[in-house]
Amino acid sequence: MKKVAIVTGASRGIGREIAKTLAKNNSQVIANYNKSEEHAIKLKEELAQENITIDLVQADVSKREGAKKLAKYAIEHYGVIDI
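Criteria and cut-off values
Along each chain, residue indices are assigned from 1 in the same order as the chain's sequence is written. Totals for whole chains, interfaces and linings use all residues, but because this is a predicted model, local features are given only for residues with pLDDT of at least 70 and pairs of side-chain atoms are given and counted only at 80 or more. Only hydrogens and water are set aside; all other atoms, that is, all heavy atoms of the structure, feed into the side-chain values. Note on definitions: salt bridges are taken to be side-chain nitrogens of Lys or Arg within 4 Å of carboxyl oxygens of Asp or Glu. Each helix is a run of DSSP H or I of at least 4 residues and each strand a run of E of at least 2, with the numbering of both proceeding from the N terminus. Each residue is assigned to one of three classes by its accessible area relative to the maximum for its type, calculated with a 1.4 Å probe on protein chains only: buried under 20%, partly exposed between the two thresholds, exposed over 50%. Pairing of N or O atoms within 3.5 Å defines a polar contact, subject to two protein rules: one partner must be a possible hydrogen donor and the other a possible acceptor, and residues neighboring in sequence count only if both atoms are side-chain atoms.

Even after reading the chapter, I still don't get the pattern of salt bridges, so can you show me in this structure?
Between side chains of opposite charge, pairing is possible as soon as their charged atoms come close. The tally for this structure, following the rule as stated, stands at eight salt bridges. A salt bridge links E50 to K24, with the nearest nitrogen and oxygen atoms 3.5 Å apart. Within this pair, whereas E50 is found in the loop between α2 (37–48) and β3 (55–58), its partner K24 is found in helix α1 (residues 13–24), the two being separated by 26 residues in sequence. With relative accessibility at 42%, the residue E50 sits in the partly exposed group. By relative accessible area, K24 is classed as partly exposed at 42%.

Explain the environment of S62 here, please?
You can see S62 is positioned in the loop between β3 and α3 (64–78). Considered as a pair, S62 and N34 are 28 residues apart in the sequence and their alpha carbons are 9.6 Å apart. Among the polar contacts made by the side chain of S62, one reaches the side chain of D60 at a distance of 2.6 Å.

The analysis is restricted to geometry; functional conclusions fall outside its scope.
What follows is the structure, given as structure tokens:
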């Protein structure tokens, strides 16, 4: 069974590489971004070319409500947060 992983800052830099690595190693990735929607969409499209599906969730996790939104998404869609 796939582990469910939330990766914050997943649209660019280290977060992007972590999201790619987890997704390619059979984790269901919920890729969080705040302002870089275009980069997040490119990540999703890049992985889709390898038949890998990830979820994108926009949230400002520096704010309590943003962090709650992200966790709520994971629980509602997958029932668990593993990573």
